[in-house]
Amino acid sequence: MTAPLTPPPHQPPHNNGHSDPWQAPDPMTGHLPPAPAAPQEYGEDDGPGMRAEIKQAVAVTVAVAVVGLALGALWLWLAPRVPLVSDASAVYLKDTEGEQAIGIDGTFALLGLAFGVVTGAAVFLWRRRGGVPLVVALAVGSLLGGVLAWRFGVWLGPAQNVAAHAKEVGKGVVFDAPLELNAKGALLAWPLAALVVHLGLTGLFGPRDPDPYFATPYGVQGDGGATPTAP
């Protein structure tokens with residue numbers, strides 16, 4: 001005498017991603033149907049792959065660095081000028097007590113802070129999810145943009161050959177000194193401001209990872225199972 005091939009009434013069949021041992025084979029093929037796909041694990045990363053993140057990081061680096069051209073043009077436009085004068089034998093500062101050189105460095109630093117706020121917010125709005133590659137790209141792009149702005153402003157500014165420029169304008173004629181950035185630490189204003197703004201916005205308004213433990217009518221759900229609560 002053989003036992004019936006039906007599950008006992010007090011033990012309903014379970015299906016945890018495996019084939020049901022009590023399931024009848026397909027009458028057409030004689031094989032058991034395939035097991036259902038296992039449910040997706042909670043908290044599985046649904047973001048872009050590393051290759052996509054690297055592409056986005058490269059795009060951010062290039063775009064932010066190119067913005068440095070605008071910073072260089074604004075720096076040339078807004079920075080104070082250092083007046084020079086020649087007596088046909090040497091070139092002198094027209095105003096020996098002037099603070100124009102300090103103003104040039106300060107203008108660059110303030111513009112760098114403003115550009116850092118704008119680019120940090122723009123990158124956050126473009127990609128709210130953030131990520132380490134994006135933050136690194138923002139820092140590198142901002143630093144490259146600052147260097148590009150510095151060199152571009154110097155290139156657009158007054159002639160670098162002071163002696164030739166003095167001979168060209170003539171004796172006793174006031175002319176502008178070359179645009180220079182003496183405080184090289186001002187190059188860090190842009191990347192620092194961009195990182196602070198981006199990380200601050202990400203911390204305040206960025207997407208949150210869902211809590212792996214959350215309450216359900218059957219208890220506390222998490223790690224693929226439920227912990228029953230006391231009645």
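Keep in mind it's a predicted model, so treat the numbers as computed, not measured. (Residues numbered from 1 in each chain as written. Predicted model: local features only at pLDDT ≥ 70, side-chain atom pairs only at ≥ 80, totals over all residues. Heavy atoms only, no water.)

(A) Seen up close, a nonpolar patch on the surface. Among the surface-exposed residues, Met50, Ile54, Val58, Val62, Val66, Leu69 and Leu148 lie close enough to one another that they form a single nonpolar patch of about 600 Å² accessible area. Here the nonpolar patch takes six residues from helix 1 (residues 50-78), the largest share from any one element. (Patch = residues over 30% accessible without salt bridge, like charges linked within 9 Å, V, L, I, M, F, W, Y side chains within 5 Å. Areas by Shrake-Rupley, 256 points an atom, 1.4 Å probe, with all protein chains shown as cover. Salt bridge = Lys/Arg side-chain N within 4 Å of Asp/Glu carboxyl O. Helix = DSSP H or I, 4+ residues; strand = E, 2+ residues; numbered from the N terminus.)

(B) Local environment of the sheet that holds strand 3 (residues 175-176). The sheet built from three strands is open, its strands ordered 2-1-3 with antiparallel pairing. Only two strands of the sheet have a single neighbouring strand rather than two, namely strand 2 (91-93) and strand 3. As judged from the three bridges shared by strand 1 (residues 83-86) and strand 2, these two strands associate in the antiparallel manner. Bridge pairing in strand 2 places Leu84 opposite Leu93. (Pairing = 2+ DSSP bridges.)

(C) Local environment of the environment of Leu76. Mapped onto the fold, Leu76 is located in helix 1. Sequence-wise, Leu76 and Gly153 are 77 residues apart; in three dimensions their C-alpha atoms are separated by 5.5 Å. If sequence neighbours within four positions are ignored, Leu76 has contacts with Arg81, Gly153, Leu156, Gly157, Pro158 and Leu179. (Contact = heavy atoms within 4.5 Å.)

(D) The packing of aromatic side chains, seen in detail. A complete count under the given rule lists three aromatic pairs for this structure. On the numbers, 5.0 Å between centres and 80° between planes, the contact of Trp75 with Phe108 is edge-to-face. A residue pair is termed long-range when its members are at least 10 positions apart, and Trp75 in helix 1 and Phe108 in helix 2 (residues 100-126) qualify at 33 residues. Residue Phe108 is classed as buried on the basis of its relative accessible area of 1%. Residue placement shows Arg151 over the ring face of Trp150; its charged tip is 4.8 Å from the ring centre. (Phe/Tyr/Trp six-rings, centres within 6.5 Å; stacked < 30°, edge-to-face > 60°. Buried < 20%, exposed > 50% of the residue type's maximum accessible area, 1.4 Å probe, protein only. Lys NZ or Arg CZ within 6 Å of the ring centre and 35° of its normal.)

(E) Seen up close, helix 3 (residues 132-156). In this model, helix 3 (25 residues) spans 36 Å end to end at C-alpha, consistent with the 36 Å of a helix rising 1.5 Å per residue. Taken together, the buried positions of helix 3 are Leu134, Ala137, Leu138, Gly141, Ser142, Gly145, Gly146, Ala149, Trp150, Gly153 and Val154. Residues of helix 3 that are buried in the fold lie against helix 1, helix 2 and helix 5 (189-205). (Expected span 1.5 Å × (residues − 1).)

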